[in-house]
Amino acid sequence: QKVQYQAIGRMSSPGARPPPPPQHSPSRDSMDSMEDYWSEVKNIVEDGQGAGDELVERGSMDEAELEEDWLQEAGLSTLVSGPLVDGPAEALLSTLTRSQAAMVRKRLDNYTQTMRKRNKQPMRHVRDVFSTPDSSPVDPVPPVSPNGQIEPKLPHRTSSKGRSSRPVFPDEDRRVPESVPEQNILSFEVPYSEGVGSPRKGSDWQECQRIRKDDPDQPTFHIVKPKLGVTRVYDLSSEDMKKVGPFALIELTTFYDCLGIELKRNRIVRNKTRESGIFGVPLTTLLENDQKKLPGSRVPLVFKKLLSKLEQTGLQTEGILRVPGSASRVKHLRQELESKFYEDRFDWEQVRHNDAAGLLKMFIRELPHPLLTLQHLPAFTAAQNIISPRYQIQALHLLVMLLPEPNRDTLKALLEFLRKVVAHEEQNRMSLWNVSMIVAPNLFTYRGKNARQEEMQGAAGAANLVRLLITHQDLLWMVPCFLISHVRKMNEASAPKKTPSSEKSKRKLLKRWNTEREKERSEITDLREGVIRVHAPQHTKVSMAILLDKKTKAQDVMARFDIENGQGTTSRRHKQFLFEVGGNIGERCLDPETHLLNVYRVNPHCEWVLKQRTT
């Protein structure tokens, strides 16, 4: 049966270069991993027999549907329907780079042409949105320092290798060591599509293949320290993260276009799904039910419990994730979970290590909508054909930003667990490549009426993507600065502009304007002096004026409040963080290393609040 699976062709994308002939014999570890992969595929096929017809079905999309679906997810649906008035879509367009705007124009033009072929008149023509060829926003400029000076480009680096999987930040002056190769340097300041060079050829491709397969060393990416500090996904409010998604889609499409890769999508058939229970229930429904039991839940409770069970007793078990549990016992435990979990009557002591691993993988596979989302699975699959490791990471970075919040949070919980499994390799005999090969078929396949074995074959190449997700998860969950910049500009462009409707309202507005003007004069004085006022409602001293200089960091303000309130940073029971609130952002938790003067210059009208995280 294994030979039958191996004969199935791989999925590919335009612009992808076919793998070269093997340059050496595969290692024993590589062959063992492939054996693990095919065993896992066999288990999935056997477990999938008799799958219900109520699950998601894949189908191709015609051009008009494809473009309309893309425009809708990009927050631009009003460009093909609705009146031509200032709104969110127009505000979004005003923030795009020239390359990104050209991609939107291309999508909209494709939609218009397809509708004309159907003898249907589109509600808008591309000329209605982009009046002239030169009306798109200007090209992005090089990174600009807070004092307005253009920063120099990074010099060419000589080759070097690194072993650490954690993102590495440079020194205070944001310079990267000269020994770091240029292809291992990541900057979050400029859209990735602007940094795409010519495709690599020859020895570069072979080097990429060598890193992917048998070489345990993977490149260590050095991140140019962001001027406004590192922002992780959970540092932004949910409202701001929802605005990040459309920009990430536009940038990903532009990025793939620069790489010569066609960005395909799957059609989602909205079939009926279960609204109660555990297995085969959408993540959003599960979380709605879980939040009634435990408010604030971000990852399904049963998923967290399975991970916890494995962490407590299974990390040192040889073959964990690889060796399947008894099929009959797993089936029985599944039934008991369905009937007893939410009533707190399920006996977790009866669950063995391998049973918990089987239930965990079954939960992922039976989600009616894949964890990586049905519409973006082709984009994940296409990423495996990107030659440059840096471009691969950048593609995955944008895809993670695109995931809905429940999917992204659940994926992160899974990746954190898998990293712990790999950390115990000496005891459990599960290397990074072993784990990736076993997890890949579960992430990149789904159950449905039209699920095909070809898709399982495509998951073999996706094992490298799983390895990258595990290894670079800390980096991938940082929000790129250029996406946050888009959100800030959009918030500024879409800020409501109220007009008075009567003499009475005009007088009220004038009075308020005078009051605000006096306040602004005071703020301008503070701005000139570099003074901010930090509010700390949970402290004895509820506010404090802070004089900023180029060296003032968020952690300095946090320490200042601790001293004023007679508390030490180590004795504090509930740690508090400094937030920027309002202005051109909803809410952002500042990394302790963030230089506040830079943030103040970008968002001078925000409030500064010291408080605990909500998550």
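Remember, predicted model here, so these are calculated numbers, not experimental data. (Residues numbered from 1 in each chain as written. Predicted model: local features only at pLDDT ≥ 70, side-chain atom pairs only at ≥ 80, totals over all residues. Heavy atoms only, no water.)

### Looking at the overall build of the protein chain
- Counting its regular elements, the protein chain contains 23 helices and 7 strands.
- Residues classed as buried in the protein chain amount to 49% of the 615 residues present.
- Taking the intrachain contacts of the protein chain between residues at least 6 apart in sequence as the baseline, contacts between residues at least 24 apart amount to 78%.
- Entry remark: accessible area of the protein chain is about 30300 Å², with carbon and sulfur atoms responsible for 50%. (Helix = DSSP H or I, 4+ residues; strand = E, 2+ residues; numbered from the N terminus. Buried < 20%, exposed > 50% of the residue type's maximum accessible area, 1.4 Å probe, protein only. Contact = heavy atoms within 4.5 Å. Areas by Shrake-Rupley, 256 points an atom, 1.4 Å probe, with all protein chains shown as cover.)

### Comments concerning the environment of Ser-238
- By the element assignment, Ser-238 lies in helix H8 (residues 238-258).
- Owing to a relative accessible area of 29%, Ser-238 belongs among the partly exposed residues under this scheme.
- Here the alpha-carbon distance between Ser-238 and Glu-405, two residues 167 residues apart in the chain, equals 8.2 Å.
- Side-chain polar atoms of Ser-238 contact the side chain of Glu-405, separated by 3.3 Å. (Polar contact = N/O pair within 3.5 Å; in protein donor to acceptor, adjacent residues only side chain to side chain.)

### As for the packing of aromatic side chains
- Counted under the stated rule, the structure contains 11 aromatic pairs.
- Ring plane angle 45 degrees and centroid distance 6.5 Å describe the contact between Phe-255 and Tyr-256, whose orientation is recorded as tilted.
- Among the residues examined, Phe-255 registers a relative accessible area of 0% and is labelled buried.
- You can call Tyr-256 buried: its relative accessible area is 0%.
- Here the aromatic rings of Tyr-600 and Trp-608 are separated by 6.1 Å at their centres, their planes lie at 70 degrees, and the arrangement is edge-to-face.
- The exposure class assigned to Tyr-600 is buried, which follows from its relative accessible area of 6%.
- Put simply, the rings of Tyr-192, Phe-255, Tyr-256, Tyr-391 and Phe-482 touch in pairs and so form one group of aromatic residues.
- The side chain of Lys-611 reaches across the aromatic face of Phe-579, ending 4.8 Å from its centre.
- The positively charged end of Arg-613 is found above the aromatic ring belonging to Phe-577, 4.6 Å away from the centroid. (Phe/Tyr/Trp six-rings, centres within 6.5 Å; stacked < 30°, edge-to-face > 60°. Lys NZ or Arg CZ within 6 Å of the ring centre and 35° of its normal.)

### A closer look at the nonpolar core
- Leu-76 and Tyr-256 are the most contacted members of the largest nonpolar core, which totals 125 residues.
- Aside from chain neighbours lying at most four places away, what touches Leu-76 is Leu-71, Ala-89, Leu-92, Leu-93, Val-104 and Ile-250.
- With 23 residues, the next largest nonpolar core counts Phe-561, Phe-577, Cys-589 and Tyr-600 among its residues. (Core = buried A, V, L, I, M, F, W, Y, C linked by side-chain atoms within 4.5 Å.)

### Points about the pattern of salt bridges
- Across all of its chains, the model carries 20 salt bridges by this definition.
- Lys-611 is the partner of Glu-587 in a salt bridge, and the nearest nitrogen-oxygen pair spans 2.9 Å. In this pair, Glu-587 is assigned in strand E6 (residues 585-589) and Lys-611 in strand E7 (residues 607-611), connecting sequence segments 24 residues apart.
- Judged by its relative accessible area of 21%, Glu-587 falls in the partly exposed class.
- Connected through salt bridges with shared partners, the residues Arg-298, Glu-405 and Asp-409 form a single ionic network. (Salt bridge = Lys/Arg side-chain N within 4 Å of Asp/Glu carboxyl O.)

### A short note on the packing of helix H11 (residues 327-340) against helix H12 (residues 353-365)
- Between H11 and H12, the shortest axis-to-axis distance is 10 Å and the interhelical angle comes to 65 degrees. Helix-helix and strand crossings are classified by hand; for H11 and H12 the assignment is right-handed. Contacts between H11 and H12 involve Arg-329, Val-330, Leu-333, Arg-334 and Leu-337 from the first element and Asp-355, Leu-359 and Met-362 from the second. (Axes fitted to C-alpha atoms, helices over the stretch in contact; angles between N-to-C directions. Left-handed = near helix turned anticlockwise from the far one by under 90°.)

Geometry only, nothing functional implied.
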